[in-house]
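Observations on the three-dimensional arrangement
Here is what each chain is made of, one letter per residue.
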Amino acid sequence: MTTQELVEQIKTKQSFLCIGLDVDLKKIPTYLLSEEDPIFSFNKAIIDATHQFCVAYKPNTAFYEACGLKGWQALQKTIDYLHDNYPEIYTIADAKRGDIGNTSKMYAKTFLKDMGFDSVTVAPYMGKDSVEPFLEFENKHTILLALTSNEGAFDFQTLKSDETEIYKRVLETSKTWENSENLMYVVGATKAEYIAEVRKIVPESFLLVPGVGAQGGNLEDVCKYGMTKNVGLLVNSSRKIIYASTNNNFAEVAAAKAEILQQQMAEELQKFQ
């Protein structure tokens, strides 16, 4: 999916909501556990109920890897289901990969070609040759971890090197890499006050913003500091939506939660038009 196609979908749906499909078998409704593939059954129900309110889904691959082969199969079935039924939806493999060049080539092939995701999250710590293999794929995006929403982000990301924070060096350096136009960046909603600084370096790039919802990030602040003329934001919510209920009506309740966020996003979009 091209960036422009993503922007058009955002404008059509009046939403820049990304829903995280982080399926924990201990948290899904217990009746699903008797299904042949409870992970896919859960995802299918969530997708069918919420697709009109969001523009992207982001499975965190750890939740699937933890279930072994059945988990990987459920992940592929989920992506295939999206491609077949909701091809306008943007897909993100939240895999946080990044290794030496030949290994990154295999990771990139796995997620962007073989599994057919539109994008994949990548850690930048190993530098240029660990990221550029992901950037080679046309109409695919690499979402670089820049400033994350977790508490430990302050251990390294905001430390200064020659009076410049590490996360700013990551942003600046990444712009010099081949095919850098295919980059997006992770910037946590719980770090909303930093988004203005991020925008000074990557003024038009899309930002994937986790942390709105269970982690307490503020949507209005994210939009205030991060929105661009082409929106430039994908705001993720996972637990607050998909685990809003563990009863048989879990998908209906998830849809209601997603619609609330979509309406809030529509209001923010109106401010910037």
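Residues numbered from 1 in each chain as written. Predicted model: local features only at pLDDT ≥ 70, side-chain atom pairs only at ≥ 80, totals over all residues. Heavy atoms only, no water.

So the rule is basically this: UniProt positions are given in the numbering used here, feature names are shortened, and annotations may be inferred rather than shown by experiment.
As recorded in an unreviewed UniProt entry, the chain goes by Orotidine-5'-phosphate decarboxylase and comes from Zunongwangia profunda. Database annotation for the chain, UniProt heading Sequence similarities (unreviewed entry): "Belongs to the OMP decarboxylase family. Type 2 subfamily." Note on the chain: under the UniProt heading Pathway (unreviewed entry), the record states "Pyrimidine metabolism; UMP biosynthesis via de novo pathway; UMP from orotate: step 2/2."

A few points about the overall build of the chain
Where we set the bar: For the purposes of this entry, the term helix denotes a DSSP run of H or I that reaches at least four residues, the term strand denotes a run of E that reaches at least two, and both are numbered from the N terminus. Radius of gyration here is computed from C-alpha atoms only, and the compact-globule reference equals 2.2 Å multiplied by the residue count raised to the power 0.38. Contact definition: two residues touch when any of their heavy atoms are within 4.5 Å. Only the protein chains shown count as cover for residues, with accessible areas throughout obtained via the Shrake-Rupley method and a probe of 1.4 Å.
When its secondary structure is counted, the chain shows 12 helices and 10 strands. For a compact globule of 273 residues, the expected C-alpha radius of gyration is about 19 Å, and the chain comes in at 18 Å, within 12% of that figure. Long-range contacts, defined here as pairs at least 24 residues apart, represent 74% of the contacts in the chain between residues at least 6 apart. Accessible surface, the chain as shown: approximately 12300 Å² in total, 49% of it carbon and sulfur.

What to know about the nonpolar core
Going by this rule: Take the buried residues of types Ala, Val, Leu, Ile, Met, Phe, Trp, Tyr and Cys, join any two whose side-chain atoms come within 4.5 Å, and each joined set is a nonpolar core. Burial status follows relative accessibility: with a 1.4 Å probe on protein chains alone, a residue under 20% of its type maximum counts as buried, one over 50% as exposed, and anything between as partly exposed.
Leu6, Phe16, Ile19, Phe42 and Leu233 are the most contacted members of the largest nonpolar core, which totals 88 residues. Element by element, the count of residues in this core is highest for helix α12 (residues 250-271), at 8 residues. Here phenylalanine 42 is in contact with Val23, Ile28, Pro29, Leu32, Ile242, Tyr243 and Phe250, once residues within four sequence places are set aside.

Focus on the pattern of salt bridges
What counts is decided by this rule: Just to be clear on terms, a salt bridge is a Lys or Arg side-chain nitrogen sitting within 4 Å of an Asp or Glu carboxyl oxygen.
Tallied over the full model, the rule gives 16 salt bridges. One salt bridge connects glutamate 197 with lysine 168, and the closest N-O pair in it is separated by 3.0 Å. Linking glutamate 197 in helix α9 (residues 192-201) with lysine 168 in helix α8 (residues 166-174), this pair joins segments that are 29 residues apart in sequence. Glutamate 197 sits in the partly exposed class, given a relative accessible area of 25%. Note that lysine 271 and glutamate 268 form a salt bridge whose closest N and O atoms lie 3.1 Å from each other. Placement of both lysine 271 and glutamate 268 in helix α12 is noted, with a separation of 3 residues, approximately one turn of the helix. On the accessibility criterion, glutamate 268 (8% relative accessible area) is buried.

Describing the side chain of glutamine 262
Cut-off, in case you're wondering: Under the rule applied, a polar contact is a pair of N or O atoms within 3.5 Å (in protein, one hydrogen donor and one hydrogen acceptor; residues adjacent in sequence only if both atoms are side-chain atoms).
Counting through the fold element by element, glutamine 262 comes out in helix α12. Assessed through its relative accessible area of 8%, glutamine 262 is described here as buried. There is a polar contact of 3.2 Å between the side chain of glutamine 262 and the backbone oxygen of glutamine 14. Excluding anything up to four places from it in sequence, glutamine 262 contacts Lys13, Gln14, Ser15 and Phe53.

Observations concerning the packing of aromatic side chains
Test applied: Here a Phe, Tyr or Trp ring, Trp counted by its six-membered ring, pairs with any other such ring whose centre lies within 6.5 Å, and the pair is stacked when the planes are under 30 degrees apart, edge-to-face when over 60, and tilted otherwise.
Using the criterion set out here, one finds 7 aromatic pairs in the structure. When the ring of phenylalanine 40 is compared with that of tyrosine 81, the centres are 5.9 Å apart and the planes differ by 80°; the resulting orientation is edge-to-face. Taken together, the residues span a long stretch of sequence, with phenylalanine 40 in helix α2 (residues 38-50) and tyrosine 81 in helix α4 (residues 68-85) at a distance of 41 residues. Note on accessibility: phenylalanine 40 and tyrosine 81 belong to one class, buried. Between the aromatic rings of phenylalanine 42 and phenylalanine 250, the centroid separation amounts to 5.2 Å while the plane-to-plane angle is 10°, which identifies the pairing as stacked. Linking phenylalanine 42 in helix α2 with phenylalanine 250 in helix α12, this pair joins segments that are 208 residues apart in sequence. Residues phenylalanine 42 and phenylalanine 250 agree in their burial class; the two are buried. Aromatic ring contacts, followed pair by pair, group Phe40, Tyr81 and Tyr86 into a single cluster.

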